[in-house]
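The residues making up each chain are set out below.
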Amino acid sequence: MSEKILLVVGMAAVTYGPRMLPLVFLPGIRLSPFLEIFLKFVPVTVLTALIVPGIFNSTGQPLTAVIGAGVAFILAFKDQNLILVVLGAIFSVFLSGLIL
Amino acid sequence: MEEFKNGIKAAIPIAIGYIPIALTFGLLAKSNEISFYITTLMSLLVFAGASQFVAVNLLALGTGTGEIILTTFILNFRHFLMSASLSQKMAENIDKKLLSLLAFGITDETFSIASLKKNELKPAFMLGLNLLSYLAWVVGTAAGHRGGAVLPDSLQSSMGIALYAMFIGLLVPSLKESSSETIVALITVIVSLIFYFLSKYISLSEGWRIIIVTIISAFIGALIYSDKGGRSRV
């Protein structure tokens, strides 16, 4: 096996393991109420940790990123369709990039 | 079949976000003289964007195989938390083989949609969600390496916001409905910014930062919202 194939297979293995183990083996295990609430908060915390501060470096220009984030926030707050939120943010970053 | 179709539909924003990133990844790999075969194989088997970019950069720097694999492990270990969280939301009594197939498709993006879905999570929905996301990633990678499929610069950089906008689009409606989640999100912003500034002084990789911030913030949330008897107040 070539060195690079070994690398890809190794990367695949260490990525798949953590993805697979909890989903396959946690059902059926009784968790403490504290752990249940902890896991219930994981979606909100992990998404927030991904957005802040990552979003500000996502367009190459912090100002257009802030504008795009603002547009996404407003559209999302008004319960717009997710595709519209995404396209609205892309479009506003594109436009503000042309102007700024 | 209906759930499967809903999963495919739900993956459309992910596909919009993945394609430009996958094209860039394919192109980057090619410009670093990594073969079409290896590049596509990486997207097929690893299916984890950020770590694949890091791996290509490290390869270009001549980093050893073991070190790249270790870096990948750290960067992708956050999926462990996501997988644990999803396990509590899945419909009951699902075959373990099916679960181990669904687990392959857990990414930040598929997780964000699956975990914030209103109802119980059905395997068919997740299958559709993962499948379209995966196809966009793999086909985008191959097209990027083959070349000729690269977007103009201004559009490419605008599309960098796509997946973040999707995270916002998923998060905000769920925060509107839950004051406890709003508080926890605000706590996370503070913790995240603290660690962001700390990471300028202490060496802390992106992978570790996300894991540590997630654990600390969810832990604080659980402390606040579970009462002493251990019962949920959420």
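Below is a short write-up of the structure. (Residues numbered from 1 in each chain as written. Chains lettered and ligands numbered in written order. Predicted model: local features only at pLDDT ≥ 70, side-chain atom pairs only at ≥ 80, totals over all residues. Heavy atoms only, no water.)

Description of the overall build of chain B
Across its full length, chain B holds 13 helices and zero strands. Seen in sequence order, chain B has helices and strands lined up from the N terminus as α-α-α-α-α-α-α-α-α-α-α-α-α. On C-alpha atoms alone, chain B measures out to a radius of gyration of 19 Å, which is about the 17 Å that the 2.2 N^0.38 rule sets for 234 residues. Out of the 234 residues belonging to chain B, those deemed buried represent 51%. For chain B, long-range pairs separated by at least 24 residues make up 78% of all intrachain contacts whose partners lie at least 6 apart in sequence. Split by element, the accessible area of chain B, about 10600 Å² in all, is 66% carbon and sulfur. (Helix = DSSP H or I, 4+ residues; strand = E, 2+ residues; numbered from the N terminus. Rg over C-alpha atoms; globule rule 2.2 N^0.38 Å. Buried < 20%, exposed > 50% of the residue type's maximum accessible area, 1.4 Å probe, protein only. Contact = heavy atoms within 4.5 Å. Areas by Shrake-Rupley, 256 points an atom, 1.4 Å probe, with all protein chains shown as cover.)

Description of the interface of chain A and chain B
Between chain A and chain B, the residue contacts involve 62 residues of the former and 94 residues of the latter. Both faces combined, the contact of chain A with chain B buries some 7100 Å², and carbon together with sulfur accounts for 80% of it. At the junction of chain A and chain B, the tally comes to one salt bridge. Inspection of the region where chain A meets chain B yields 14 residue pairs in polar contact (both at pLDDT 80 or more). Those elements that provide at least two residues to the side of chain A that touches chain B are helix H1 (3-25), helix H2 (33-51), helix H3 (62-77) and helix H4 (82-99) of chain A. Considered class by class, the residues forming the side of chain A that touches chain B number 48 nonpolar, eight polar and six charged. (Buried area = accessible area lost by both parts, 1.4 Å probe. Salt bridge = Lys/Arg side-chain N within 4 Å of Asp/Glu carboxyl O. Polar contact = N/O pair within 3.5 Å; in protein donor to acceptor, adjacent residues only side chain to side chain. Nonpolar A, V, L, I, M, F, W, Y, C, P; charged D, E, K, R; others polar.)

A word on the nonpolar core
By size, the foremost hydrophobic cluster in this structure holds 92 residues, and its most contacted members are Ile113 and Met166 of chain B. With residues near it in sequence (within four places) discarded, Ile113 of chain B still touches Leu82 of chain A together with Ala10, Ile14, Phe125, Leu129, Met166 and Leu170 of chain B. Counting residues in each nonpolar core, the second largest holds five residues, with Ala49 of chain A together with Ile187, Phe195 and Val213 of chain B among its members. (Core = buried A, V, L, I, M, F, W, Y, C linked by side-chain atoms within 4.5 Å.)

Structural notes on the packing of aromatic side chains
Under the criterion given, the structure shown has 15 aromatic pairs over all chains. Residues Phe41 of chain A and Tyr225 of chain B carry aromatic rings whose centres are separated by 5.8 Å and whose planes lie at 55° to one another, so their mutual orientation is tilted. Taken together, the positions of Phe41 of chain A in helix H2 and Tyr225 of chain B in helix H13 (residues 206-225) put the pair across two chains. Here the two residues Phe41 of chain A and Tyr225 of chain B agree in accessibility, since each one is buried. Grouping aromatic residues by their ring pairs yields a cluster made of Tyr16 of chain A together with Tyr18, Phe25, Phe47, Phe53, Phe104, Tyr134 and Trp137 of chain B. The ring of Phe125 of chain B has Lys117 of chain B sitting right over it, with the charged end atom 4.5 Å from the ring centre. The ring of Phe77 of chain A carries the charged tip of Lys176 of chain B above its face, separated from the ring centre by 4.8 Å. (Phe/Tyr/Trp six-rings, centres within 6.5 Å; stacked < 30°, edge-to-face > 60°. Lys NZ or Arg CZ within 6 Å of the ring centre and 35° of its normal.)

Details of the packing of H3 of chain A against helix H11 (residues 162-177) of chain B
Contact geometry for H3 of chain A and H11 of chain B: axes closest at 8 Å, N-to-C directions at 40°. The orientation of H3 of chain A relative to H11 of chain B falls into the category oblique. The hand of the H3 of chain A/H11 of chain B crossing is right-handed. Counted together, Ala69, Ala72, Phe73, Ala76 and Phe77 of chain A of H3 of chain A and Ala165, Ile168, Gly169, Val172, Pro173 and Lys176 of chain B of H11 of chain B form the full contact between these two elements. Tallied by class, residues from the contact of H3 of chain A with H11 of chain B come to nine nonpolar, one polar and one charged. (Axes fitted to C-alpha atoms, helices over the stretch in contact; angles between N-to-C directions. Parallel < 35°, antiparallel > 145°, perpendicular 65-115°, else oblique. Left-handed = near helix turned anticlockwise from the far one by under 90°.)

Here's the deal with H11 of chain B
In this model, H11 of chain B (16 residues) spans 24 Å end to end at C-alpha, consistent with the 22 Å of a helix rising 1.5 Å per residue. A large share of H11 of chain B lies buried, amounting to twelve of its 16 residues. Those residues of H11 of chain B lying buried are Ala162, Leu163, Ala165, Met166, Phe167, Ile168, Gly169, Leu170, Leu171, Val172, Ser174 and Leu175 of chain B. Its buried side turned inward, H11 of chain B meets H2, H3 and H4 of chain A together with helix H2 (12-31), helix H8 (108-115) and helix H12 (179-198) of chain B. (Expected span 1.5 Å × (residues − 1).)

Looking at unusual backbone geometry
Between Val52 of chain A and Pro53 of chain A the backbone carries a cis peptide bond, its omega angle lying at 5°. Its identity is not glycine, yet Asp79 of chain A carries a phi of approximately 60°, on the positive side. With respect to the element layout, Asp79 of chain A can be found in the loop between H3 and H4. A positive phi is found at Asn93 of chain B, a non-glycine position, where the angle reads about 55°. In this fold, Asn93 of chain B is placed in the loop between helix H6 (78-87) and helix H7 (96-104). Exposure remark for Asn93 of chain B: the relative accessible area of 80% places this residue in the exposed category.

Quick word on the pattern of salt bridges
Applying the stated criterion across every chain yields a total of four salt bridges over all chains. Lys176 of chain B is the partner of Asp79 of chain A in a salt bridge, and the nearest nitrogen-oxygen pair spans 3.0 Å. Pair noted here: Asp79 of chain A is in the loop between H3 and H4 and Lys176 of chain B is in helix H11, and the two residues belong to different chains.

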